[in-house]
Each structure stands twice: as C-alpha cells, then as structure tokens.
There are 2 protein chains.
Amino acid sequence: MSDPHRDAREFDLIERIRRRVHSRDDVVLGIGDDAALLQVPAGRWLVVAADTLNAGVHFPEDTAPADVGWKSLAVNLSDLAAMGAEPAWCTLSLSLPGGDAHWVDGFLDGFLELAHAHRVALVGGDTTRGPLSISVTVHGFVAPNRALRREAACVGDDVWVSGTLGDAAGALAQWRAGSLRDAFLRARLDRPTPRLALGAALADVANACIDVSDGLLADLAHVARASGVGARVELDRLPASDALRAAFDDATRHAWQATGGDDYELCFTAASQMREEIERIARETGTPVARIGRIEAGEGVRAVDALGAPWESAQVGYQHFA
Amino acid sequence: MSDPHRDAREFDLIERIRRRVHSRDDVVLGIGDDAALLQVPAGRWLVVAADTLNAGVHFPEDTAPADVGWKSLAVNLSDLAAMGAEPAWCTLSLSLPGGDAHWVDGFLDGFLELAHAHRVALVGGDTTRGPLSISVTVHGFVAPNRALRREAACVGDDVWVSGTLGDAAGALAQWRAGSLRDAFLRARLDRPTPRLALGAALADVANACIDVSDGLLADLAHVARASGVGARVELDRLPASDALRAAFDDATRHAWQATGGDDYELCFTAASQMREEIERIARETGTPVARIGRIEAGEGVRAVDALGAPWESAQVGYQHFA
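Please read these numbers as outputs of a predicted model, since none were measured by experiment. (Residues numbered from 1 in each chain as written. Chains lettered and ligands numbered in written order. Predicted model: local features only at pLDDT ≥ 70, side-chain atom pairs only at ≥ 80, totals over all residues. Heavy atoms only, no water.)

### Points about the relation of the copies chain B and chain A
Inference 1: Note on the copies: chain B fits chain A at an RMSD of 0.0 Å, the axial shift is 0.0 Å, and the rotation between them is 180°. The operation mapping one copy onto its partner corresponds to a two-fold rotation axis.
Inference 2: The residues that chain B uses at the interface reappear at the interface of chain A in 100% of cases, marking a shared surface. (Least-squares fit on C-alpha atoms with pLDDT ≥ 70 in both. Contact = heavy atoms within 4.5 Å.)

Set out below in structure tokens:
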C-alpha cells in the first residue's frame, strides 16, 4: 500500500536522519538495512522499554518540534533509569501528517541532543504518513540481578523521590488556562530529565524503583501492589520547585505534586540504613532527592498532611490534558 | 498529561495483554515493570527492527482486528527474515481511539497466533489513546558476520524471490474498485507470511537479501545501490499466484508484481553455483523460490519483457492505497 511519492520522501527523511546520527562501537550495522546488528556486552542483561507520544494526548499541539524530540526519547530513557540500566541504543518510528523536513530537523535537534548526551545511538526505525505520533524503543544494559524492580519494596523502607514534583502539571494548567506561563515549568513539561546517573548509582542501594509518569501516588501504588506492601507519603515532604510554589496555592500545588503526571522523576525505596549513602549518591550525581514517606505492611498508598490527617485528592479538582 | 480514567483503562488493557502472552526462558522479566530484562545468548548478535502500521495508510480501515494484529507483527518479522535472523522478542506500542477491549482481543488473536508460531515473546510496550496505530519492535539473534545484508550483492549473482508477487496489490485494487474480491488475494494483503525459515537457511548461501515491502523493483534497487551494482529482472519470470493470473490481465499483473508493495517476500542474490543448494533449502523450508534475474555491473534495476525489451511501468497506471 505504499505510495511511490511518499516512499521517496520517506527515504529522504531517513537519509536526513541517518546523516545526523552518532554511532557506537557496539553498533555493527545501524540505519539503512532491514534491521540493525548490535553487540550486547558479555555478561550483561538487555533492558528494553517502549513508549509512544501522540500529539494532543501526550503533548500540546503547539509544542516545539525540538521539545517533542527531546521528550519522546526522555520518557523512554526514564524507564531505563528506573531499572538502574545504562542506555545504549534506540529505534524511532515517526508518523508524520506530511513529509515536513523542517519539522523533522527541529525534532532531531532535541532528540539527538539528548541521545548524544547519554551516548545513545539511533539504530533504526521508520517514518510513515499518519497523525503525528512518535514511538521509541530504547535498549540498555544492566548487570545480572542488579536491575531495580517494582516488586522489591520492603516494609520499613524509606520512600524517596528525585527532583521536584508537579511542575509539568503546573505548566499544563497554565497552558490550559491561558494564564501567565512560567518558562521553567513549561521546560519541565517539555524537557523532562531522565535520571540515568541516579538510577544506575542506586542499583546497589535501593530496593524498588519506578519513574513517575502517571503521578506520584499512582506510580507508588504500582510499586506497593507489585511488592505486596502499603505506603505512606507525607504531602509536606514532597519536593516543590520555587516556580511551582510561586505560581499556585498550597492545595493546588499538593494535588499536582501527588497526582500530576509527566514528572519523570524516580520514586524509589531503600532501607533506612542507606540514608547517608543515598545522600552521597545524590550529591555525586547532582540529583536532588527527598525522603517523602515509608513502606508499611498492608496495601494501598496513603497520603497524609502535616498533621497526619488523610489527604483528600478531591480537595482540588483539575483536569489533565488528555 | 495522563487522564486517570484513561490510565485505568490502559492498565486493564495491559493486564489483558499480559495474561495472554507466552514467555521464553531468556525473558527474565516481561510485561509489568518499567522495562523488560532479557538475555541475549552468548556469542550472538542482537538484530532489531521497528515498523509502524497506521490505519488508512498501511491497511484499509475495514481490516479485521485479528488481521491488523497479524500484519503488524508479520511486517517486522519479515525484516528479521531478510537478515537471516532468528526471532525472539517484541514490544508493542498500540494507539487506540478508545479503550476498546473487544478490538484488542481480536487484535491479539492475530498478533499472538503469529508470535506463538515463531516463539516470539511479547515483553513490553504501551497502550495509548490516539488514532489507530501499531508500532512494533522485534528482536532476534544472528551468528556474528552471518547476517544477510543489502550491500553484499555481487556481479554475476542470480536474483531470486520467494513466494509470489503482486497478490497484495491485486487485493488492494479489488478492494478499491469494489469489484469481486478474491479471498486468497485479500489474505495475502492482510496476513503476509514472514519467510523466517528461508531467511535463516539462506544465511550461509545467499549474498544480499531484502524483504519486498515497497515493490520488487524499488526494493531490489536498494540492494543494487547499497552494493554498487545493477540488476536485470525478467518480468515473465516473476512468480504469480493462480488467483492473480485469474483476476487480472498480464499487463496489470506485471505492474503489480514489479512495483506493488506489501508482498513481504524475500528477494535475495546468490552465486550461480548455489542454485541446487537454494532449491534444496526451498524444499526443506516449504518455501517456493524463483530465479528472476541477475546482478550486473553498472547501476539501477532494469526490467525486461519476454523479448528482452525494456518494460515501461507507465504501461499501466494505478494508484496505491496511500
């Protein structure tokens, strides 16, 4: 069902992409054949994650192409970070309404900026005609039995989170309201930071780990369920950026920190004896971390306010983007 | 930008998928964490391909869900076949307009039927809301330096193709015209056969190989360009199904065999001393093959008719689906 004209454009686009890609020594064959040929280091496990971003669902339609490129790789690298894995390669499936070379150039600016920063080689994929959609699959390595898994939280563990929470949700609220738009918050929405160095360093220290993409409480609930435990989170301990504090009242801010998505921070659990080690790792990797709660016996995730009272998410009503 | 209701549906869908998936011994961790953990056999190269199908572009909107599922995996496995690789794992990124569990069940019927037939484990991916689109990444193995690459065609090589050509294009023409629709041709469009056994067996015998997705002449031109050679193809030697012969006049049939897409047959080149060995492999793998031309010095692909006269594709005008 191919259209020869589309195909000509597709090959142009692929060539356009191929010219800008960096390779790695472990890439035997990258873009340009039916498949890529890759060498996994002996004695390492392969770690694979795949995530798709659709226009109007996962990012506002007015997002700059470079930011779409960055984010489409970042959300995938964040999954590798949450496993404690070292990234290596990715494939990119790009659906475009038209063969817009200018848009693709901008997209690649962001995508490859992040790829090169983490030595990730783009080794294959395809470009197709269709509604704007970006599917990325990332590949990395981890030492056997060293991956951070969701199911490994233990009763008594501290619960930690990296960076700050709620910034992306705040940016989205401003975008939707058409109110004053804070550039820092918008950058947190458009250019999340995959916490790769932190994740890799935590592999020997943390028990369970997940990246916060659907909202802290929802993602921590995945950890709790997989581990057969419960969790208690103190709202006042959730890290907030100055920009978020300045832009919203406390109740609104708390809602976004607890349930807003798109943070792409790491939420992890570790024994309390590990506190000093974790603080050291945070300093060495330049990644702020905050201790926000504890793993408990039972099930479910409880968020409590400063007085220990249960927090009701219904205190604030807001709509997500999609 | 997550919607909690969407997420609930997404997790339902993922759980629905997870329950039906078969695993393999080399899958340490499959669906359900941030990423999959996989073990590549020592001394093998990893082979990775990614292809996307969009509704209305890569398949008619009225295609049965099970056929969409089959085809979305088949076109990817076809890429592995063209490398001579043995498939192992795949990820699936599924964008759906609604969280339609019934559609997903049908999709999985076809997807998993083909996956199980080739012992391919679905190990991860995501489901998102958006226009119907399926992105699959497949992973396989090949012995070092044994992969079939496009760039390895040699002057004097025979050019071969598996199966029959033009069936999918014929089905599409019937579908578009609303004329009598032949079930065999439509099945060739909807359920292409990835030639995995043939590809693997050819690894020691063939030189270059590609799968025919964009049309024989276009794909053979990729081989010729990558190898720095030309090719000559005899139209009358292109294999045709009885159904295609019955449904169309010779000129139309030739056009589809030469330039119609979606065949997912293997086009490969091999030294002429290999003819008997190739016929033996064809018998043993139950895959018909036909010798259709020759690699020549020079550049470009020439198609000639029975009298050796150049074939003009403009003899027949027709439109592809997209």
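Okay, back to it.
### Structural notes on the interface of chain B and chain A
Inference 1: Contacts between the two partners involve 67 residues from chain B and, on the opposite side, 67 residues from chain A.
Inference 2: Summing the contributions of chain B and of chain A, the shared interface buries around 5300 Å²; its carbon and sulfur component is 54%.
Inference 3: Viewed at the interface, chain A and chain B are joined by four salt bridges.
Inference 4: Asp33 of chain B is the partner of Arg150 of chain A in a salt bridge, and the nearest nitrogen-oxygen pair spans 3.6 Å.
Inference 5: Between the two partners, chain B and chain A, sit 23 residue pairs in polar contact (both at pLDDT 80 or more).
Inference 6: The element contributing the most residues to the side of chain B that touches chain A is strand 3 (residues 45-54) of chain B, with nine residues. (Buried area = accessible area lost by both parts, 1.4 Å probe. Salt bridge = Lys/Arg side-chain N within 4 Å of Asp/Glu carboxyl O. Polar contact = N/O pair within 3.5 Å; in protein donor to acceptor, adjacent residues only side chain to side chain. Helix = DSSP H or I, 4+ residues; strand = E, 2+ residues; numbered from the N terminus.)

### Some thoughts on the nonpolar core
When a protein is soluble and globular, its nonpolar side chains tend to lie buried together.
Inference 1: Formed by 59 residues in total, the largest nonpolar core has its most connected members in Leu73, Phe107, Phe111, Ile134 and Phe268 of chain B.
Inference 2: Top element by residues in this core is helix 2 (residues 65-83) of chain B. It accounts for ten residues.
Inference 3: Here Leu73 of chain B is in contact with Cys90, Phe111, Leu114, Ala115, Val136 and Val138 of chain B, once residues within four sequence places are set aside.
Inference 4: Listed in part, the 58 residues of the second largest apolar core include Val47, Ala147, Ala206 and Tyr264 of chain A. (Core = buried A, V, L, I, M, F, W, Y, C linked by side-chain atoms within 4.5 Å. Buried < 20%, exposed > 50% of the residue type's maximum accessible area, 1.4 Å probe, protein only.)

### Quick look at the UniProt feature "binding site: ATP" (unreviewed entry) in chain A
Inference 1: Taking the numbering used here, the UniProt-annotated feature "binding site: ATP" (unreviewed entry) corresponds to Gly125, Asp126, Arg150 and Ser213 of chain A. Spanning 89 residues, the annotated positions stay apart in the fold, the maximum distance between their C-alpha atoms being 31.8 Å.
Inference 2: Relative accessible area serves as the criterion here: at 33%, Gly125 of chain A is assigned to the partly exposed category.
Inference 3: Not counting the four nearest positions on each side in its chain, Gly125 of chain A is found in contact with Thr91 and Leu92 of chain A together with Ala50 of chain B.
Inference 4: In this fold, Asp126 of chain A is placed in strand 5 (residues 121-129).
Inference 5: Under the relative-accessibility criterion, Asp126 of chain A is labelled buried at 5%. (UniProt positions renumbered as here; feature names shortened; annotations may be inferred.)

### Section: the environment of Asp250 of chain B
Residue and element names in this part refer to chain B.
Inference 1: Along the chain, the position of Asp250 falls in helix 9 (residues 250-259).
Inference 2: Its relative accessible area of 48% is what places Asp250 among the partly exposed residues.
Inference 3: For the pair formed by Asp250 and Asp236, sequence separation is 14 residues and the distance between their alpha carbons is 9.6 Å.

### Some remarks on the sheet that holds strand 8 (residues 209-212) of chain A
All names here are of chain A.
Inference 1: If you trace the six strands from one edge of the open sheet to the other, you get 8-10-7-11-9-12, paired in mixed fashion. The sheet is open, and its two borders are formed by strand 8 and strand 12 (300-304), each paired with just one other strand. Strand-to-strand twist in this sheet, taken as the mean axis angle between neighbours without regard to direction, amounts to 25°.
Inference 2: Bridge analysis of strand 7 (residues 158-162) against strand 11 (residues 289-296) gives five bridges, and the strand direction is antiparallel. Its bridge partner lying in strand 11, Val161 is registered against Ala290.
Inference 3: Helix-sheet contacts for helix 2 (residues 65-83) involve strand 8 and strand 10 (265-270), and the interaxial angle to strand 8 is about 160°.
Inference 4: Sheet contacts for helix 10 (residues 275-285): strand 7, strand 10 and strand 11; angle to strand 11, the most-contacted strand, approximately 145°. (Pairing = 2+ DSSP bridges. Axes fitted to C-alpha atoms, helices over the stretch in contact; angles between N-to-C directions.)

### With respect to the confidence of the model for chain A
Close inspection of predicted coordinates is inappropriate for parts of the model with low pLDDT.
Residue and element names in this part refer to chain A.
Inference 1: Confidence in the prediction for chain A averages 92 pLDDT; 93% of positions are at 70 or higher.
Inference 2: Predicted confidence is poor over residues 1-7, with pLDDT under 50, and the contacts of this stretch with residues over four places away or in other chains come to 25 contacts.
Inference 3: Counted against residues more than four places away or in other chains, residues 314-322, with its pLDDT under 50, gives 29 contacts.
Inference 4: Across the whole predicted complex the pTM is 0.93, and at the interface the ipTM reaches 0.93. (pLDDT = per-residue confidence, 0-100.)

### Topic: the pattern of salt bridges
Inference 1: Taken as a whole and judged by the stated rule, the model has 50 salt bridges over all chains.
Inference 2: When the shortest N-O distance is used, the salt bridge between Glu284 of chain A and Arg280 of chain A registers 2.7 Å. Here Glu284 of chain A and its partner Arg280 of chain A are both found in helix 10, four residues apart, which amounts to about one turn of the helix.
Inference 3: Note on Arg280 of chain A: relative accessible area 28%, which makes it partly exposed.
Inference 4: Glu86 of chain B is the salt-bridge partner of Arg44 of chain B, the closest N and O atoms lying 3.4 Å from each other. Here Glu86 of chain B lies in strand 4 (residues 86-96) and Arg44 of chain B lies in the loop between strand 2 (36-38) and strand 3, a separation of 42 residues in the sequence.

### Section: the sheet that holds strand 10 (residues 265-270) of chain B
All names here are of chain B.
Inference 1: Read across the open sheet, the six strands follow the order 8-10-7-11-9-12; overall the sheet is mixed. The open sheet has two edge strands with one neighbour each: strand 8 (209-212) and strand 12 (300-304). On average, each strand axis in the sheet is tilted by 25° relative to the strand beside it, whichever way the strands run.
Inference 2: Alignment of strand 7 (residues 158-162) against strand 10, held across four bridges, turns out to be antiparallel. Each bridged residue has a counterpart across the sheet, and for Asp158 the counterpart in strand 10 is Ala270.

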